[in-house]
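# Structure assessment
Each chain, written out:
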Amino acid sequence: MIKINKDLSAIPNSLRPPTLDYFPVPSRPSTACRTTHLRRQEIIENNGYINREIYNSRYKYSDVKNALRDLYYNKCGFCEQRIEISHVEHFRPKSDYYWLAYSWDNLILSCASCNSNKGDRFAIEGIQHRFVFDPDSTYSSIHVSSAQLDQVERPMLLNPEVDNLTSEFIFDENGGVRSNHPRVSHSISECKLSRHDLKYQRKKLIDDFKSDIEAALLLDNKDEQILEISAFVKQFLRRANSSDESFIAFRKYAINNHWLSNIIKSLN
């Protein structure tokens, strides 16, 4: 899991409350914006999320999905695999935190598996926030309230937009992952980040590198071998630092723990 830097002021238009705070004169809120806000008001008045398509469609509106896809480079915020069909996921589940259903700081991009595995569970170490509607502050702070909630609730699940604990992930060469950090370990368990398909994809990155080195060593000329091996190492390093690549945390772990040099030495 890699830290994602979201600009909380760059709120997709369809999520913005149609107030002067978000649409100062002479700009005007769009129909999508007014519709989403109406649904937001209805949910708050209901004191609970309304699980119907007219409500579910609002946080998946095209400008929201596109903004999250760009921000996450079309990768899952939890497992880092590239996703063809992306899900707009709520960090705090909308079933319990209904007033945050359309809040920009509560929406993340996820794959179907991590989304399904996580479900509506949301373990905390602190005290759960009890929402009380305030006409003077609820809508003006609706997109930036998560930080304050985090201080009180202390979530166990990692938030890819808040937490920077990549160094606490411990990978193995078979693609598995674990951690000695309680929150990281909890997140690995909740999202099943060591599931078979992810282990296979991560392991394949190392297997492919190993195959490339083996092919380079078959060259007759020693200088050509060195050049080829150097090129493959540089390619691995470059991809580990490219935001649009999958499994960056795994790639960097392999580099920092000298897996590449150990592979080269073992094959020489």
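What comes next is a walk through the structure. Computed from a predicted structure; not experimentally measured. Every residue gets a number counted from 1 within its own chain, in the order that chain's sequence is written. At least 70 in pLDDT is required for a residue's local features to be given in this predicted model, at least 80 for side-chain atom pairs to be given and counted, and no such filter applies to totals for whole chains, interfaces and linings, which use all residues. Only heavy atoms go into the side-chain values, all of them from the structure, while hydrogens and water stay out.

Only runs of H or I of at least four residues qualify as helices and only runs of E of at least two qualify as strands under DSSP, and these elements are numbered from the N terminus. A tally of regular secondary structure across the protein gives 10 helices and four strands. Secondary structure elements in the protein, listed N-terminal to C-terminal, are α-α-α-β-β-α-α-β-β-α-α-α-α-α. Expressed along its principal axes, the backbone C-alpha trace of the protein runs to roughly 75 × 40 × 30 Å. Every accessible area reported is derived by Shrake-Rupley at a probe size of 1.4 Å, with residue values counting cover from the shown protein chains alone. Summing over all exposed atoms, the protein offers an accessible surface of approximately 13,800 Å²; the carbon and sulfur share of this is 48%. The protein carries 36 positive and 35 negative side-chain charges, and their two centres are separated by 2 Å. Only four residue types enter the charge count, namely Lys and Arg as positive and Asp and Glu as negative; His and the chain termini do not. Lysine's charge is taken at NZ, arginine's at CZ, aspartate's at CG and glutamate's at CD.

Here we take up the packing of aromatic side chains. Here a pair means two rings of Phe, Tyr or Trp (six-membered ring of Trp) with centres within 6.5 Å. Their orientation is stacked below 30 degrees between planes, edge-to-face above 60, and tilted elsewhere. Summed over all chains, the structure comprises 13 aromatic pairs. Centre to centre, the rings of F91 and F122 are 5.2 Å apart; their planes meet at 90 degrees, and the pair counts as edge-to-face. Residue F91 is located in the loop between β1 (87-90) and β2 (107-110), and its partner F122 is located in the loop between α4 (112-118) and α5 (146-153); the two are separated by 31 residues in the primary sequence. Buried means the residue's accessible area, taken with a 1.4 Å probe over protein chains only, is under 20% of the maximum for its type, while exposed means over 50%, and partly exposed covers the values in between. The buried category is assigned to F122, whose relative accessible area is 14%. Ring centres of F250 and W259 lie 5.7 Å apart, and the angle between their planes is 70 degrees; this geometry places the pair in the edge-to-face category. Comparing F250 with W259, the two get one shared label, buried. An aromatic cluster is defined as three or more aromatic residues linked by ring pairs; in this entry it consists of F91, Y97, Y98, W99, F122 and F131.

Turning our eyes to something else, we now look at empty space enclosed by the protein. Each cavity reported here is a set of points on a 1 Å grid over the protein atoms alone in which a 1.4 Å probe fits but cannot get out, each pocket an open set with protein on both sides within 12 Å along at least five of seven lines, and each lining residue one with an atom within 4 Å of a point. Grid points are joined across faces, edges and corners, and a volume is the space filled by probe spheres set on the points. Summed over all chains, the structure comprises two cavities of 30 Å³ or more. Computed from the structure, the largest cavity encloses a volume of approximately 70 Å³. Each residue receives one of three labels: charged for Asp, Glu, Lys and Arg, nonpolar for Ala, Val, Leu, Ile, Met, Phe, Trp, Tyr, Cys and Pro, and polar for the others, Gly being one of them. Grouping the constituent residues of the lining of the largest cavity by class yields 10 nonpolar, no polar and two charged. Residue lining of the second largest cavity: M1, I2, K3, L158, P160, D163, N164, L165, T166 and F169, and that is the complete set. Residues that form the lining of the second largest cavity fall into these classes: six nonpolar, two polar and two charged.

Criterion for a salt bridge: a side-chain nitrogen of Lys or Arg within 4 Å of a carboxyl oxygen of Asp or Glu. Applying the stated criterion across every chain yields a total of 12 salt bridges. Of the charged contacts in the structure, one is a salt bridge between R92 and E153, with a shortest N-O distance of 2.9 Å. Placement of the pair is R92 in the loop between β1 and β2 and E153 in helix α5, with a sequence separation of 61 residues. On the basis of relative accessible area, R92 is assigned to the buried category, the value being 0%.

Now for the environment of Y253. In this structure, Y253 sits in helix α9 (residues 248-256). Sequence spacing of Y253 and D172 is 81 residues, and the spatial spacing of their C-alpha atoms is 9.2 Å.

Burial along β2 is two-sided: the face carrying L107 and L109 and the face carrying I108 and S110 are both buried. Any two strands are treated as partners once DSSP identifies two or more bridges connecting them. Bridge count for β1 against β2 is four bridges, and the pairing is antiparallel. Directly across from H87, in β2, lies its bridge partner S110.

Of all the positions in α9, only I248, A249, F250, R251, Y253 and A254 are classed as buried. Two residues form a contact once any of their heavy atoms are found within 4.5 Å. Tucked inside the fold, the buried residues of α9 contact β3 (170-171), α7 (196-217), α8 (222-240) and α10 (259-267). Trailing α9 by a residue or two, H258 shows a phi angle of about 65 degrees, which is positive.

Further remarks concern the nonpolar core. Buried residues of nine kinds, namely Ala, Val, Leu, Ile, Met, Phe, Trp, Tyr and Cys, make up a nonpolar core once their side-chain atoms join them within 4.5 Å. F78, F169 and L193 are the most contacted members of the largest nonpolar core, which has 68 residues in total. Counting only elements with at least two residues in this core, the list comes to α1 (31-46), α3 (62-72), β2, α6 (182-191), α7, α8, α9 and α10. At seven residues, α7 tops the list of elements feeding residues into this core.

In the Ramachandran plot, N47 falls in the positive-phi region, its phi being about 60 degrees despite a non-glycine side chain. In this fold, N47 is placed in the loop between α1 and α2 (53-56). Of note in this structure, N74 is not a glycine but carries a positive phi near 55 degrees. Tracing the backbone shows N74 in the loop between α3 and β1.

Moving on to α10. Three- or four-residue spacings in an α-helix give side chains the same orientation, since the helix completes a turn every 3.6 residues. Among all positions in α10, only W259, L260, I263 and I264 are buried. For α10, the angular spread of the buried residues around the axis is 135 degrees, confining them to a single face. What points out from α10, more than 90 degrees from its buried face, is the exposed set K265 and S266. Check the buried side of α10 and you find it contacts β3, α7, α8 and α9. Each C-beta atom gives one direction from the helix axis, and the arc is the one those directions make.

From the geometry alone we can't say anything about function, so treat these as descriptive.
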